[in-house]
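# Tertiary structure, described
Listed below, chain by chain, are the residues.
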Amino acid sequence: MARNEPAKVQGQTDRASSTQRGAADGNTTDGGTGGQALRDDPKRLGDLVERLTTELAAANEKIQHKAEERDLAEDRLQSLRAELETIVDAMPAMLFYKDTRNRILRVNREAARRWGVTPREMANTPTSRWYPDEADAYYQDDLEVIRTGVPKLNIVERLYVGNGQKLWVQTDKVPYRNASGQIIGVVVFVRDITLRKQVEKRLEKAQKELEAEVQRKLQASESRYRTLYNNTPVMMHSINRDGRIISVNDHWLHTLGYEREEVVGRRSTEFLTEASRRYAVEEVLPEFFKSGSVSDIEYQMVRKDGWVIEVLLSAVIQRDGAGGALSSMAFMVDVTRRKRAEEQARRHLEEVAHMARLSTVGELAASLAHEINQPLAAISVYTQHCAAVLSEKNFDSQELSDTMEKVSSQCHRVSEIVRRLRAYVHKGQTQRSHVDINYIVHETVALIAPKARSSRVEVNVELSGAPIFVEADNVQIEQIILNLATNAIEAMEDRSSDHRGLTMRVAPRGQGRVAVTVSDTGPGVAEEVLSHIFEPFYTTKPHGMGMGLSISRTIAEAHGGKISVTGNPDGGVSFVLSLPVGEPATP
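Our subject in this report is the structure included herewith. (Residues numbered from 1 in each chain as written. Predicted model: local features only at pLDDT ≥ 70, side-chain atom pairs only at ≥ 80, totals over all residues. Heavy atoms only, no water.)

Okay, empty space enclosed by the protein next. Unoccupied space between atoms shows up once a probe the size of one water molecule is rolled over them. Within this structure, the stated rule accounts for two cavities of 30 Å³ or more. If you add up the space inside the largest cavity, you get close to 110 Å³. Considering the residues around the largest cavity, the lining is formed by Phe96, Lys98, Tyr131, Tyr138, Glu157, Leu159, Val169, Thr171, Lys173, Val188 and Val190. Of all the elements in the fold, those that place two or more residues in the lining of the largest cavity are strand E1 (94–99), strand E4 (152–160), strand E5 (166–177) and strand E6 (183–192). Across the lining of the largest cavity, the residue classes break down as seven nonpolar, one polar and three charged. In this model, the second largest cavity occupies a volume close to 50 Å³. Looking at the second largest cavity, it is lined by 10 residues, and the ones nearest its centre are Asn240, Arg241, Phe289, Ser327 and Ser328. By residue number, the principal contributor to the lining of the second largest cavity is strand E11 (residues 325–334), which donates four residues. (1 Å grid on protein atoms, 1.4 Å probe; cavity = no way out; pocket = protein on both sides within 12 Å on 5 of 7 lines; lining within 4 Å. Points joined across faces, edges and corners; volume = space filled by probe spheres on them. Helix = DSSP H or I, 4+ residues; strand = E, 2+ residues; numbered from the N terminus. Nonpolar A, V, L, I, M, F, W, Y, C, P; charged D, E, K, R; others polar.)

Right under this line is the structure:
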């Protein structure tokens, strides 16, 4: 009945309004003249009653609809409140509603559980009752939110709860407003982060321990690196982007005779000879900054006492994120002793090779003597003829002139033989140059021609169509070819066959190499002999020393080449001297 009472009041109001409207139209229903008229006119009275009844029914229907909507809204509101309370109570965080006087209006179940009470027991109580030590400090934050209307979020603080436990909590405070939007307090949302703080503390402790361990290991590693850096038997230095030395190891200082303070800050190129410094600045450093590394660069460094040492330098560069050079580390190996040993070995090889050349000339002496005797005998005959012509009173000057030209030609022939012999047996420093391999073969053929003729060996020469240059000492390469050709001629001297042929061929071999092939038609060499033929002191000659082919192989390898031997299908053997091709020197 209570819900229908407003409808009755509303109906009464509507009827009063209708009566008043009738009065305004002159159709009043009171005891005046208008009411009398209605009573006198039943039709008008019926119409009025019918109209008022219809209006009243519509008004009642409208009021009933609004009442139903209100009931539904109230039911929905109660349902939402129940859901909200369920959600709030199910939250694992603590929730407080507080007014402007620092009183707790209500809390959720989790907040009450922390103090061991029910939410009803905490409702409408002063904050100081539950956490007296922190209440005033917390209230200052509440007042700031109430005054400004701005939430305060992510406040990390300590909170004592009912069991005496002190928690680490993260608090959010937002304004608490009524239906009209007025701030009437704060809503405090408190999350227990004690476990997180404990984990963070453990992580922080572990981080510190890890950093300490890393630092300890870094110090130990640095100490080991410093010990290795200073005690390694290789010269090492570091330079900055300006080319100045920032550190050197002890071996570097010991080798060059300096103290550390005399070196750090100076340019690394200051310790090179003038030639090495120029080589470094013009060639090595541009390539180094381009590629980031160099290896086995031959430098000469000057000790403090002025002595020059030979080193092999390798270096790597360290770059920044933009690719610029930060610093570089260089490693230098003192190869002075090795260089001296190599020089001594080279000189020894030259001595042995010179003796071998003398031995070869000795073997060719008979043929060469015959070769020289022929032009000398011709000169003797021509000079006697000249004397006879001059003894005549009316001698023929043209005949005398022709004879003297023949004498000159024979003298040139002897001179050329002597020149070749002197060049071949000349003892001097090894001097390499870019020389046409065809020229060397041509000179060798001229030397062996007398021996080939005396041994009835036909020499066939096949030179390349175009010059092929090699970087070599032409006397030493000529010695190899001459030794191979002489061996081939001697191998064919005992052959009964009428055909004794020696072929000397020059041809490109591919991959930047050239081959000189010396092939004969002799009796050949047994397979077991071929495997030992280049060994020192191994020989198949009755009076041979077994050094010719060994020396030849050593010379070839010193020039970056090699010698191989194979048997020919039709008899005889072929020796192949392979050498790297070099570009001719430009004027």
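Now that the structure is up, let's keep going.
Following the criterion strictly, the structure yields 10 aromatic pairs and no others. Seen in terms of ring centroids, Trp252 and Tyr258 are 6.5 Å apart; in terms of plane orientation they differ by 40°. Their pairing is tilted. Each member of the pair, Trp252 as well as Tyr258, is classed as buried. Between Trp252 and Phe271 the ring centres are 5.2 Å apart and the planes differ by 85°, which places this aromatic pair in the edge-to-face class. (Phe/Tyr/Trp six-rings, centres within 6.5 Å; stacked < 30°, edge-to-face > 60°. Buried < 20%, exposed > 50% of the residue type's maximum accessible area, 1.4 Å probe, protein only.)

Two elements in contact, helix H12 (residues 437–454) and helix H13 (residues 474–493), have axes whose closest approach is 9 Å; the angle formed by their N-to-C orientations is 35°. Judged by the twist between their axes, the crossing of H12 over H13 is right-handed. The segment H12 lies against H13, with Ile437, Ile440, Val441, Glu443, Thr444, Leu447, Ile448, Lys451 and Ala452 engaging Asn474, Ile477, Glu478, Ile481, Leu482, Ala485, Thr486, Ile489, Glu490 and Glu493. (Axes fitted to C-alpha atoms, helices over the stretch in contact; angles between N-to-C directions. Left-handed = near helix turned anticlockwise from the far one by under 90°. Contact = heavy atoms within 4.5 Å.)

Below, the discussion takes up the sheet that holds strand E3 (residues 125–126). As summarised here, the arrangement of the six strands in space is E3-E2-E1-E6-E5-E4, forming an open sheet in which the pairing is antiparallel. The open sheet has two edge strands with one neighbour each: E3 and E4. Where strand E2 (residues 103–107) meets E3, two bridges bridge the pair, whose relative direction is antiparallel. When the sheet's bridge partners are listed, Arg103 is paired in E3 with Pro126. (Pairing = 2+ DSSP bridges.)

On the surface, Leu195, Val199 and Leu203 cluster together into a nonpolar patch covering about 290 Å² of accessible area. Its place among the elements puts Leu203 in helix H7 (residues 194–231). (Patch = residues over 30% accessible without salt bridge, like charges linked within 9 Å, V, L, I, M, F, W, Y side chains within 5 Å. Areas by Shrake-Rupley, 256 points an atom, 1.4 Å probe, with all protein chains shown as cover. Salt bridge = Lys/Arg side-chain N within 4 Å of Asp/Glu carboxyl O.)

Right, let's talk about unusual backbone geometry for a bit. Even without glycine at this site, Asp296 takes up a positive phi of about 55°. Note that Asp296 resides in strand E9 (residues 293–302). For Asp296, a relative accessible area of 54% translates into the label exposed. The phi dihedral of Arg456 falls on the positive side, at around 55°, and the residue is not glycine.

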